[in-house]
Structures are given as structure tokens and as C-alpha cells.
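# A closer look at the structure
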Amino acid sequence: MPADRQLAHLRAPDIARCLGARSIVVQPLGAIEQHGPHLPFNTDLLIAERVATAAVERVGDELDVWLLPALAYTKSNEHAWAPGTMWLSASTLLAVLDDLGRCVAMTPARRLVFLNGHGGNSALLNVANRELRLRHGLMTFLAHPGLPPDQGGASPAGELGMGIHGGTDETSLMLHLAPELVDVSSAVRRVPEHLAANRYVRFGGPVSFGWLSNDFGDDGHIGDPEAATAERGAQLFAGAIDAFCGALAEVSAFEFRAP
Ligand SMILES: [Zn+2]
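Please read all numbers here as calculations on a predicted model, not as lab measurements.

### With respect to the coordination of the zinc ion
- Each protein donor to the zinc ion is listed here as His-35 (NE2), Asp-44 (OD) and Glu-170 (OE); together their distances run 1.9 to 2.0 Å.
- Sequence spacing among the residues donating to the zinc ion works out to H-x8-D-x125-E. One end of the pair, His-35, is in the loop between β1 (24-29) and α2 (43-63); the other, Glu-170, is in helix α5 (residues 168-177), with 135 residues separating them in the sequence. One exposure class covers both His-35 and Glu-170, and it is buried.

Put into C-alpha cells, the structure is as follows:
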């Protein structure tokens, strides 16, 4: 059995030998999409990969977790205007997730966890969770390294609840994980403050809206990267690993009906 618990490092006979009905398969999802002038295209991919890897290192043996290679290309069409963004359409990604679910269902494992680093995937992954449950009989789960504000998560006070893309938290994480890929000199605050007073029509609010990342300005990020620090990133990273490990423990014990 490979110590790193990467499913792709197994050999064919290992699948029946190492995986069982209680095994958990983790599929990280990232994105290759513009993240403003200060962050690299692979921001979401790198964060999802690093959180997944660290969590599986910590609790993989205890909870029988297997890590799949991250899916780099996902539904990033809110950034379709920016050259370098590599995105799949909603129908393509749903079909890819269905194919992956079918493949996981061929193994003895019955629990599949998506660890999603890109908020633009969240709605579709919730749809996929139910489709895969119905079609392939899997128990399916969706987790995030940090829930983005447009999906109901929190944002630092200075961002007025709108640090949804390339803002304080994401930039802090990258300053901690891959500072060589961050251009701090081009990190400027871009918060659509005129929306802050809205009670209903706001990010993560009761009335959602379709948006593209250049609707708010030409830079393409929405948030305040100026407030980012590597120290904050280290705390967020540690918190994300703790939270995902806790989530995996509950996934491992989860049953629909009381015993
Ligand atoms: Zn991102």
C-alpha cells in the first residue's frame, strides 16, 4: 500500500485488496482561470491540491481515505473573457463528473468527496452529488477548503462580504503556499462598495445574480488583496486542513438511517 494514499499509485490488484466499502475517495477540483494581475491562473488548483494532500497525509490511514489526482479544468466561464483561462462548460463538467462517478463505483469504495477550490463549481457540484447518488449508488459529499462568500461563506470585514475572487484570503493563502507566484506590487483593492448596503441582492444573499468577473471592473478580481499576509495564509491553511480532516471523520461515520 503506498504511504501517500494516492489512488493512482496503486497497481491493478491493489484496488480489490486495499479499498473496501468504508473507503473514502477524495477528488480535488481546482481551476485554471485568471485571478487578477497579482495571482497565478492555478491558484484554486494549488490550494485544493495542497489542502487535500495534507489532510489525507494526516487522517488517510485512520479513515481509509484515497486521493485522486486533482481535476485542473472546471467551470470557469465567469472568466471566459480573459485569455489563459481554460474552462469547461457546465454540461461538459457534469458529464465528466458522471464519468468519474461511474469509475469510482467500479471500485469497492462507496464514499466520494469532492474538495472544491473554485466557487464557480459549487452549484454544479451539488447537482452532481445527487446525480451520482441516483445513477451510481455512491454516497457523495461536497467540501471546500474555505467556503467562498458567494456560496454563503465569510469575507474579512474590509471586503464588506465581497472578497470572492483574488481577495484577502485567497491572496494570503498563496503568499503562504507559493509566494514566488504572487506579484504583490500589482495587488490592489477592488471592492464594489455600491453593493454593500444591499440586504437581498448580494453575494451569498437570498437573491443571487449571474455575474462575470469583468462586470465589476477590468482587473478581474473582487476583493482586497492589499490586506493579505503570509501569516494569515498560514492560519487559513492550517484551519482548512483541520476542517477538512474533521469533515472526513464525519463522512466516514455518516449513515442515512440510524443503526
Ligand atoms: Zn480562486
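Now that the structure is up, let's keep going.
### Quick notes on the sheet that holds strand β2 (residues 65-67)
- Within the open sheet, the four strands sit side by side as β2-β1-β3-β4. Their pairing is parallel. Each edge of the open sheet is held by one strand with a lone partner, namely β2 and β4 (139-143). Each strand of the sheet is rotated relative to its neighbour by a mean of 25°, with strand direction disregarded.
- Pairing of β1 with β2 involves three bridges; the strand directions are parallel. Across the sheet, the residue bridging to Val-25 is Trp-66, located in β2.
- Relative to β4, helix α4 (residues 122-136) is tilted by about 170°, and along the sheet it contacts β1, β3 (111-116) and β4.

### Thoughts on the pairing of β3
- Most of β3 is tucked away: six of the six residues are buried.
- Of the two faces of β3, the one carrying Arg-111, Val-113 and Leu-115 and the one carrying Leu-112, Phe-114 and Asn-116 are both buried.
- Across six bridges, β1 lies against β3 in parallel orientation. Across the sheet, the residue bridging to Pro-28 is Leu-115, located in β3.

### Focus: helix α3 (residues 90-105)
- Taking 1.5 Å per residue, 16 residues should reach 22 Å; α3 reaches 22 Å between its end C-alpha atoms and fits that length.
- Listing the buried residues of α3 in full gives Leu-93, Leu-97, Asp-98, Gly-101, Val-104 and Ala-105. End-on, the buried residues of α3 take up no more than an arc of 140°, which puts them together on one face.

### With respect to the pairing of β1
- Among the six residues of β1, six are classified as buried, and the element is accordingly described as predominantly covered.
- The two faces of β1 match: Ile-24, Val-26 and Pro-28 on one face and Val-25, Gln-27 and Leu-29 on the other face are all buried.
- The parallel pair β1 and β2, bridged by α2, forms a crossover whose chirality is right-handed.

What counts as what
- Going along each chain's sequence as written, the residues are numbered from 1 onward.
- Per-residue local features are limited, in this predicted model, to residues with pLDDT of at least 70; the limit for side-chain atom pairs, both in listing and counting, is 80 or more; totals at the level of whole chains, interfaces and linings are taken over all residues.
- Heavy atoms from the whole structure form the basis of all side-chain values; hydrogens and water molecules are not counted.
- Here the coordinating atoms are restricted to nitrogen, oxygen and sulfur within 2.8 Å of the metal centre, or 3.2 Å for Na, K and Ca, and because water is not among them the sites may look incomplete.
- A run of H or I in DSSP counts as a helix once it spans at least four residues, and a run of E counts as a strand once it spans at least two, with each numbered from the N terminus.
- Burial classification: accessible surface area is computed with a 1.4 Å probe over protein chains only, and a residue below 20% of its type maximum counts as buried, one above 50% as exposed, and the rest as partly exposed.
- Think of it this way: DSSP has to see at least two bridges between two strands before they count as a pair.
- A fitted line through C-alpha atoms represents every axis, and for helices the fit uses only the stretch in contact; the resulting angles, taken between N-to-C directions, go from 0 to 180 degrees.
- Contacts between residues were defined by any pair of non-hydrogen atoms, one from each residue, lying within 4.5 Å.
- For a helix, the expected span equals 1.5 Å multiplied by the number of residues minus one.
- The directions considered for the arc are those from the helix axis to the C-beta atoms.
- With the strands pointing away from the viewer, any crossover whose connection runs clockwise from the first strand over the helix to the second is right-handed.

Worth remembering: the numbers are spatial, not functional.
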